[in-house]
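Okay, here's what each chain looks like letter by letter:
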Amino acid sequence: SEPVLEIKNLSVDYGMGPDAVQAVRDVSLTLHRGEVLGLAGESGSGKSTLAYGMTRLLPPPGVVSGGEVVYHPQDGAPVDILGLNRPQLRKLRWSEISIVFQGAMNSLNPVHKVVTQLCDVIKAHDKRSTPASRRARAAELMKLVGINTDRLDSYPHQLSGGMRQRVMIAMALALEPSVVIMDEPTTALDVVMQRQILTQLAELRERLGFAVLFITHDLSLLVELSDRIAIMYGGRIVEEANARQLYREPLHPYSLGLLKSFPALRGERRELTGIPGSPPDLRAMPSGCAFHPRCPRAFEPCADRDPVLAAPEDKTRSVACWLHVPGAGRTAENSTSST
Ligand code: ATP
Ligand code: SF4
Ligand code: MG
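Predicted model, so just to flag it, every value in this text is computed and none were measured.

Participant: Hey, could you run me through the pairing of strand E3 (residues 36–40) in this one?
Facilitator: Two faces belong to every sheet, and in a regular strand the side chains alternate between them. E3 sits mainly inside the fold: five of its five residues count as buried. Side chains Val36, Gly38 and Ala40 of E3 all project onto a buried face; the interleaved residues Leu37 and Leu39 project onto the opposite face, where all are buried too. Examined bridge by bridge, E3 and strand E8 (residues 211–216) share five bridges and lie parallel to one another. When the bridges of E8 are listed, Ala40 appears paired with Thr216. Both E3 and strand E9 (residues 228–233) contribute to a ladder of four bridges, which runs parallel. Paired with Gly38 across the bridge in E9 is Ile229.

Participant: Please explain the sheet that holds E9 as it appears in this structure.
Facilitator: Backbone hydrogen bonds are what pair the strands of a sheet, in a parallel or an antiparallel way. Strand order in the open sheet formed by seven strands is E6-E7-E8-E3-E9-E10-E11, and the pairing between neighbours is mixed. On the outer flanks of this sheet lie strand E6 (97–100) and strand E11 (318–319), each paired with one strand and no other. Against the sheet, helix H1 (residues 47–54) contacts E3, E6, strand E7 (179–183), E8 and E9, and its axis sits at roughly 145° relative to E7. Contacts from helix H5 (residues 161–173) reach E6 and E7, with the element oriented near 170° to E6.

Participant: Can you help me understand the domain arrangement of the protein in this one?
Facilitator: By a widespread convention, an interface's size corresponds to the accessible area lost as its parts come together. With domains assigned, the protein is organised as domain 1 (3–96 + 177–281) and domain 2 (107–176). One C-alpha centre belongs to domain 1, the other to domain 2, and the line joining them spans 26 Å. Each side of the interface is counted separately: domain 1 has 13 residues, and domain 2 has 15 residues. It is helix H6 (residues 191–208) that contributes the most residues to the side of domain 1 that touches domain 2, six residues altogether. Of the residues that constitute the side of domain 1 that touches domain 2, the class distribution is 11 nonpolar, two polar and no charged.

Participant: Mind showing me how you'd approach the site of ligand 2 here?
Facilitator: Surrounding ligand 2, one finds 13 residues, the nearest of these being Cys289, His292, Cys295, Cys302 and Cys321. Grouping the amino acids of the shell around ligand 2 by side-chain chemistry returns 10 nonpolar, two polar and one charged.

Participant: Hey, could you run me through the environment of Glu184 in this one?
Facilitator: By the element assignment, Glu184 lies in the loop between E7 and H6. Given 21 C-beta atoms within 10 Å, Glu184 falls into the buried group. Separated by 11 residues in sequence, Glu184 and Arg195 have C-alpha atoms that sit 13 Å apart.

Reading the values: rules and limits
- Residues numbered from 1 in each chain as written.
- Chains lettered and ligands numbered in written order.
- Predicted model: local features only at pLDDT ≥ 70, side-chain atom pairs only at ≥ 80, totals over all residues.
- Buried ≥ 20, exposed ≤ 12 C-beta atoms within 10 Å, placed from the backbone.
- Helix = DSSP H or I, 4+ residues; strand = E, 2+ residues; numbered from the N terminus.
- Pairing = 2+ DSSP bridges.
- Contact = placed C-beta atoms within 7 Å.
- Axes fitted to C-alpha atoms, helices over the stretch in contact; angles between N-to-C directions.
- Domains from an automatic or database assignment.
- Nonpolar A, V, L, I, M, F, W, Y, C, P; charged D, E, K, R; others polar.
- Near = placed C-beta within 6 Å.

Below is the structure:
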């Protein structure tokens, strides 16, 4: 299907000059219309930085140091998001691309009723709406996310964490955007609630047709509820595949490690082993493949040369790992044997 959001060679740094660290390194990722794309990786891998960078919500000292982000509206010319000015950006947000932040449920304003906050979003983008039409729309949105409309006049503290999170989703959907970005919206919720919310989002997506970029470190949820999955490590995408492929046959040793870090929701059970060691320090990135100090399969080229993200034989997926580059170890082997 056609792309709705294209990230091209995006890099994001924190700080400038010699003290700068690169938290997102040359990331290219395409979100297609109507799909759920999952982005997974350990804490610190750069998932939020990518989400904030691509939507221009990066807090200082974060700066986008390279790349392009192209939004394709339903009709009209493609939009270069990184080139928009503030008013243009404001117009795009909520109505075309909306974002539910990490811990967003705590970002509801405690002193305003839920209905007021929903209506504010609608009002800001639809000046011709009336108080009555906004309230009706707010009620519709609450129903959409499975909250009884008698909760409209509740204050955030009167709702459970799960309900507050659903209110945030309702807000994100208020203006029928084409893209919804969810940055780990479920960390604070229990597993049962996580599943309910993700299932609901997937269902809403079927009905409303928006695309979702879903960011989490829990790969098992993505395996079940997304179409495609991208795996991030040390600021890079190291593997991208459809969800089933990635689950059945992860190509990158890090992807396999992640799969082994969470209990599978269904299907074949893998032994839970986790990944030994810890994510790389951005100020001292390992040479070669950033994963090599932790990789159980590291071999000759890994410590010296950084593998690029490329398609193995079949073009439907990509991986950045020397194991999947035919003949990758040969040069090193040859040089060893000739000495
Ligand atoms: P999590 O799963 O914990 O949310 P994440 O994948 O979203 O992790 P980011 O928050 O994007 O990771 O962080 C990526 C890297 O950037 C980390 O190494 C982090 O320490 C670094 N980083 C994040 N914010 C800043 C900042 N304001 N200044 C400097 N470094 C930062
Ligand atoms: Fe492991 Fe080497 Fe592949 Fe990196 S390139 S994941 S170190 S085998
Ligand atoms: Mg994050």
